[in-house]
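# A structural walkthrough
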Amino acid sequence: MDTSTIEELRAAIGDRYEIEGFLAEGGMGAVYTARNRSLGSRVAVKVLPPEVAASAVRLARFKREAALAANLSHPHIVPVFEFDASEGFAYLVMPLVEGDTLADLIREKGRLDYPTVHKLIVPVAGALGFAHSRNVVHRDIKPANILLEEATGRWLLTDFGVAHVTDPGDTEITHTGAVIGTPAYMTPEQRWGGEVDGRSDLYSLAAVGYQALCGTTIDKLSGVLARSMSDIKESVRKAVPNMSQERARALTLPLSNVREERPDSAEAWVEALETEKKKSPITRFMALAAAVIAAFVGGWFAFRQDDRIAAPAVPAVAVLPFQVEIRSDTNDLASVLPQAFDWQLQYLPDHRVLGAEVRNEVFRRYGETRPPLDTLLSIAGGFGATQTVQGRVVS
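These numbers come from a predicted model, not from an experiment.

## Side note on the sheet that holds strand 9 (residues 155–157)
If you walk across this open sheet you meet the three strands as 6-8-9, and the pairing is antiparallel. Here the strands that pair on one side only, and so sit at the sheet edges, are strand 6 (99–101) and strand 9. For this sheet the average axis-to-axis angle between neighbouring strands, irrespective of direction, equals 30°. In this structure, strand 6 lies alongside strand 8 (residues 146–149), joined through three bridges in antiparallel fashion. Residue pairing for strand 8: Thr101 is matched across the bridge by Leu147. Sheet strands touched by helix 4 (residues 102–109): strand 6, strand 8 and strand 9. Its angle to strand 6, the strand with the most contacts, is close to 85°.

## As for the packing of helix 8 (residues 229–239) against helix 9 (residues 245–252)
As a packed pair, helix 8 and helix 9 sit with axes 9 Å apart at the nearest point and diverge in direction by 120°. Comparing their axes, helix 9 and helix 8 come out oblique. In this structure, helix 8 crosses over helix 9, and the sense of that crossing is right-handed. Touching Met229, Ile232, Lys233, Val236 and Arg237 of helix 8 are Gln245, Ala248, Arg249, Leu251 and Thr252, all from helix 9. Residues of the contact of helix 8 with helix 9, tallied by class, amount to five nonpolar, two polar and three charged.

## As for the nonpolar core
Ile146, Leu205, Leu213 and Trp269 are the most contacted members of the largest nonpolar core, which totals 50 residues. If we skip the residues at most four places from it in the chain, Ile146 touches Asp100, Thr101, Leu102, Val124, Ile141, Trp155, Leu156, Leu157, Leu205 and Val208. If you look at the next biggest cluster of nonpolar residues, it comprises 14 residues, including Tyr17, Ile19, Val45 and Phe89.

## Describing the packing of aromatic side chains
To describe a pair of aromatic rings, you give the distance between the ring centres and the angle between the ring planes. Across all of its chains, the model carries one aromatic pair by this definition. Between the aromatic rings of Phe22 and Tyr32, the centroid separation amounts to 5.7 Å while the plane-to-plane angle is 75°, which identifies the pairing as edge-to-face. With Phe22 in strand 1 (residues 17–26) and Tyr32 in strand 2 (residues 29–36), this residue pair connects regions lying ten residues apart in the sequence. In this structure, Arg134 is placed above the aromatic ring of Phe130, and the distance from its NZ or CZ to the ring centre is 3.7 Å.

## Here we look at the packing of helix 5 (residues 114–132) against helix 7 (residues 198–214)
Their axes nearest at 10 Å, the elements helix 5 and helix 7 cross at an angle of 165°. Relative to helix 7, the element helix 5 lies roughly antiparallel. Judged by the sense of rotation from one axis to the other, the crossing of helix 5 with helix 7 is right-handed. When helix 5 is examined against helix 7, the residues Tyr114, Val117, Ile121, Val124, Ala125, Leu128 and His132 are found in contact with a partner set consisting of Gly198, Asp201, Leu205, Gly209, Ala212 and Leu213. A per-class count over the contact of helix 5 with helix 7 returns nine nonpolar, three polar and one charged.

## Observations regarding the sheet that holds strand 14 (residues 387–389)
Strands pair in a sheet through their backbones, by hydrogen bonds, and they do so in one of two ways: parallel or antiparallel. Strand order in the open sheet formed by three strands is 13-11-14, and the pairing between neighbours is parallel. Edge positions in the open sheet fall to strand 13 (352–354) and strand 14, since each of these has one partner strand only. Pairs of neighbouring strands in the sheet enclose a mean axial angle of 30°, with direction left out of account. As defined by bridge partners, strand 11 (residues 316–319) adjoins strand 14 across three bridges and the pair is classed as parallel. Bridge pairing links Val319 to Val389 in strand 14. Against the sheet, helix 13 (residues 356–366) engages strand 11 and strand 13, with an angle of about 20° to strand 13.

## Let's talk about the environment of Met229
Structurally, Met229 can be placed in helix 8. Counting along the chain gives 23 residues from Met229 to Thr252, while the straight-line C-alpha distance between them is 7.7 Å.

## Quick notes on the confidence of the model for the chain
The share of residues in the chain with pLDDT of 70 or more is 75%, and the mean pLDDT across the chain is 79. Throughout residues 168–179 the model reports pLDDT below 50, and contacts reaching past four residues in sequence, or to other chains, amount to 20 contacts. Counting interchain partners and residues more than four positions distant, the pLDDT-below-50 stretch residues 297–312 has eleven contacts.

## A look at helix 13
Every buried residue of helix 13 is accounted for by Val358, Arg359, Glu361 and Val362. Down the axis, helix 13 shows its buried residues gathered within 160° of arc, on one side only. Turned more than 90 degrees from where helix 13 packs its buried face, Asn360 and Arg364 sit exposed. At the C-terminal side of helix 13, Gly367 shows a positive phi close to 65°.

## Thoughts on the environment of Arg199
Tracing the backbone shows Arg199 in helix 7. With 55 residues separating them in the primary sequence, Arg199 and Pro254 have C-alpha atoms 7.3 Å apart.

## Observations concerning the pattern of salt bridges
Taken as a whole and assessed by the stated rule, the structure comprises 14 salt bridges. Of the charged contacts in the structure, one is a salt bridge between Glu7 and Arg10, with a shortest N-O distance of 3.0 Å. Linking Glu7 with Arg10, this pair stays in helix 1 (residues 3–13), spanning three residues, or about one helical turn. Its relative accessible area of 40% is what places Arg10 among the partly exposed residues. A salt bridge links Arg259 to Asp197, with the shortest nitrogen-to-oxygen separation between them at 3.9 Å. Of this pair, Arg259 sits in the loop between helix 9 and helix 10 (266–278) while Asp197 sits in the loop between helix 6 (188–191) and helix 7, and the two are 62 residues apart along the sequence. Taking the relative accessible area as the measure of exposure, Arg259 reaches 19% and is therefore buried. In this structure Asp197 comes out as buried when scored by relative accessible area, which is 18%. Through salt bridges with shared partners, a single ionic network connects Glu20, Arg35, Arg42 and Glu98.

Conventions adopted
Residues numbered from 1 in each chain as written. Predicted model: local features only at pLDDT ≥ 70, side-chain atom pairs only at ≥ 80, totals over all residues. Heavy atoms only, no water. Pairing = 2+ DSSP bridges. Helix = DSSP H or I, 4+ residues; strand = E, 2+ residues; numbered from the N terminus. Axes fitted to C-alpha atoms, helices over the stretch in contact; angles between N-to-C directions. Contact = heavy atoms within 4.5 Å. Parallel < 35°, antiparallel > 145°, perpendicular 65-115°, else oblique. Left-handed = near helix turned anticlockwise from the far one by under 90°. Nonpolar A, V, L, I, M, F, W, Y, C, P; charged D, E, K, R; others polar. Core = buried A, V, L, I, M, F, W, Y, C linked by side-chain atoms within 4.5 Å. Buried < 20%, exposed > 50% of the residue type's maximum accessible area, 1.4 Å probe, protein only. Phe/Tyr/Trp six-rings, centres within 6.5 Å; stacked < 30°, edge-to-face > 60°. Lys NZ or Arg CZ within 6 Å of the ring centre and 35° of its normal. pLDDT = per-residue confidence, 0-100. Arc of directions from axis to C-beta. Salt bridge = Lys/Arg side-chain N within 4 Å of Asp/Glu carboxyl O.

Written out as structure tokens, the structure reads:
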């Protein structure tokens, strides 16, 4: 901790805040914790290093962060309370977010599960969409700039210190040709100093999601020009074996090297993610269920039309408990799928469906434990079943 910096900060902010101590340091300065003397609330004070504050360009960029963040009022963007700069010393005051950065969580856990990654990507993408609609591109999306607020569970986006305004008339501070950002999350156009827009932020956020799931940054996969979208998608599925190809594709859509192949907006990407989420295992499985039931019905008619075999007078079909080997964060598949078969099998002619009564009896006897197949067939037979339907769901 630089004592002289703290003394300068105390002199600059006067009696409004009581400086508590050093919190962290990044490319755009050091962060200290403080307390508002009047309200008692804790804040984070970000200080630009004196040698950088003396640079007109860096100081202007620092002012830009304050102005941008102060005007981006969004529930998933860390706001700015105030800003001041004088004689080579500059600082801004933000609420202190109690919690961890995504970088902290990745260091601690190595990898995160997909439901967690999905829950962070959607709100942060929403925050980016809000900024993009106001012609602001963040340009430095990385795990250290994404915070998980402990009290609320909100994911928050911070640090607009290298943000770029896409207004053609505003090119003084961060113009095309300046290579700004964090290399592991930068698009090819950023690396080459080319023009950036909101699709660059989406790439970076998808790269963050890739790292959270796979435990490594995407630039470790292969050379930035050598890797393909297929490589990326399959590496995600290798890290998350139960992830469908469709979900992996939706997640990695923004990671194309070709900007025009990425989603046009944050909203379009979120829609793709949410649409794929709704296509949960139950949705995909129901398509298979319809085919199975169609085949079942067709077989039933063929059975009835075959005079060499005597059909039971009133056949009874029992839908046994399903064996589900995939976790769903949206549906209880073990309960919903058998019910779906119950409903569909009602369309079979001249028969009755034994569904809930058989499964309830299995549960009454064995609880959550799945008994052997012979035992299940015996229970179904006790209810008069002449045929059974059993299912197993795997990713």
